[in-house]
Amino acid sequence: MSHVTDLLYSNGDSRNGPRHPEKVHRPDQPVARKPEWIRVKAPGSPQWAATQKIVKEHGLVTVCEEAGCPNIGECWEKKHATFMIMGDTCTRACAFCNVKTGLPRVLDPSEPVRVGEAVKKLGLAHAVVTSVDRDDLDDGGAGHFAKVVAAIRAASPNTTIEVLTPDFLRKQGALETVVAAKPDVFNHNLETVASKYLAVRPGARYFHSIRLLQRVKEIDPGNFTKSGMMLGLGEERHEVLQLMDDLRTADVDFLTMGQYLQPTRKHHPVARFVPPDEFASYAEVALAKGFLLVSASPLTRSSHHAGEDFARLKARRTALREHL
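Notes on the structure in this doc start here. The structure presented is a predicted model; accordingly, all values stated were derived computationally and were not measured. (Residues numbered from 1 in each chain as written. Predicted model: local features only at pLDDT ≥ 70, side-chain atom pairs only at ≥ 80, totals over all residues. Heavy atoms only, no water.)

This next bit is on the overall build of the protein chain. What the protein chain contains, in helices and strands, is twelve helices and nine strands. Summarising its shape, the C-alpha atoms of the protein chain cover approximately 60 × 45 × 40 Å along the three principal directions. Looking at the 324 residues of the protein chain, the share that counts as buried comes to 53%. When contacts within the protein chain are restricted to residue pairs at least 6 apart in sequence, long-range pairs at least 24 apart make up 75% of them. Accessible surface, the protein chain: about 14,700 Å² in total, of which carbon and sulfur atoms supply 53%. (Helix = DSSP H or I, 4+ residues; strand = E, 2+ residues; numbered from the N terminus. Buried < 20%, exposed > 50% of the residue type's maximum accessible area, 1.4 Å probe, protein only. Contact = heavy atoms within 4.5 Å. Areas by Shrake-Rupley, 256 points an atom, 1.4 Å probe, with all protein chains shown as cover.)

Structure follows, in structure tokens:
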């Protein structure tokens, strides 16, 4: 029980206030034992420590830490970190997410430059930038995203950039601002199937997210688009296949699929652990439906191996155009 309490409170200290105030009074959910195929490398190597030092020196937040990503040991050992901009506090309260919920602080105008400097110091060939939801801002933080993209370009011109954005729900013109900044990859995760939105992602709208991804291609047909979902939240196979069809209708290039892992007893329970061979089966189906690239495994996450995947994504598009 102490492990759960530590995760529910910021920095493991209840005096700082609850990390998830909206979940504190919810009944505890069972936490299933992880199967043998959910095994990760523990963080703590010298390379991991070097990455952590650069992140902390620049006063930055990473989704690797805030969301409790299981791949942090592997990625940080390679100096691959995913920056989470606009603070560590989200205005949404998704049932699956470990990022802190509450009223965020004002935007830090120095953050874009600090992200750019960290990208340069880490020597990243491909940088991934995500954010908390900022429903409190008129543009949902789109202008800040654009400034971060520009700052990375200025500091490290050869680095390709992937943005993983919120849905910008009811934020007119926000999407256009981010696309105009010319990131190399525009990622927005559906997270789960349509029937699970009310329970899992209540602040979002499934078909709005589909339309958001479709609009990216309408504004900039050359942009690579990407989306991800979690398995193990109680979805049915036919719903997963429908999600694939919906994404292909929006001309999305790249699909990622990973196992949902429950952060605490107050979060949505794991309905089941999907075995690796089932992920492989989904990958085959998704490729047959026309995705340029699919990454599907229990430990797949949106930014896991993002640089290598981007290279493969470009190669697939080039090969397809040459074939045509």
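Not every positive phi belongs to a glycine, and M86 is a case in point at roughly 70 degrees. Secondary-structure assignment places M86 in the loop between β1 (82-85) and β2 (89-90). Among the residues examined, M86 registers a relative accessible area of 4% and is labelled buried. In this structure, D251 is a non-glycine residue whose phi angle is positive, near 65 degrees. With respect to the helices and strands, D251 occurs in the loop between α10 (237-249) and β8 (254-259).

The next thing to look at is the nonpolar core. Judged by nonpolar contacts, the single largest core of 67 residues is most densely connected at F186, L247 and M257. It is helix α6 (residues 142-155) that contributes the most residues to this core, six residues altogether. If we ignore the near neighbours within four places in the chain, the residues touching F186 are V163, T165, L175, V178, V179, L212, L213, V216, N223, F224, T225 and K226. Counting residues in each nonpolar core, the second largest holds eleven residues, with F96, V200, M230 and L299 among its members. (Core = buried A, V, L, I, M, F, W, Y, C linked by side-chain atoms within 4.5 Å.)

It is worth spelling out the environment of T130 at this point. Here T130 shows up in strand β4 (residues 126-131). Along the backbone, T130 and V63 are 67 residues apart, and their C-alpha atoms lie at a distance of 7.5 Å.

As a further point, take the pattern of salt bridges. A full pass over the atoms with the stated rule returns 26 salt bridges. Between K56 and E65 there is a salt bridge, and its shortest N-O distance comes to 3.2 Å. On the basis of relative accessible area, K56 is assigned to the partly exposed category, the value being 47%. Accessibility expressed as a relative area gives 26% for E65, which makes it partly exposed. One salt bridge in this structure joins K289 and D245, with 2.8 Å as the shortest N-O distance. Of this pair, K289 sits in the loop between α11 (276-288) and β9 (293-296) while D245 sits in helix α10, and the two are 44 residues apart along the sequence. For K289, a relative accessible area of 29% translates into the label partly exposed. Given the relative accessible area of 30%, D245 is considered partly exposed. (Salt bridge = Lys/Arg side-chain N within 4 Å of Asp/Glu carboxyl O.)

In β9, alternate side chains face the same way, and those of L293 and S295 on one face and V294 and A296 on the other are all buried. Pairing between β8 and β9: four bridges, direction parallel. The residue of β9 that forms the bridge with T256 is S295. At this point the chain moves from β8, through α11, to the parallel β9, and the crossover so formed is right-handed. (Pairing = 2+ DSSP bridges. Right-handed = clockwise from strand over helix to strand, strands pointing away.)

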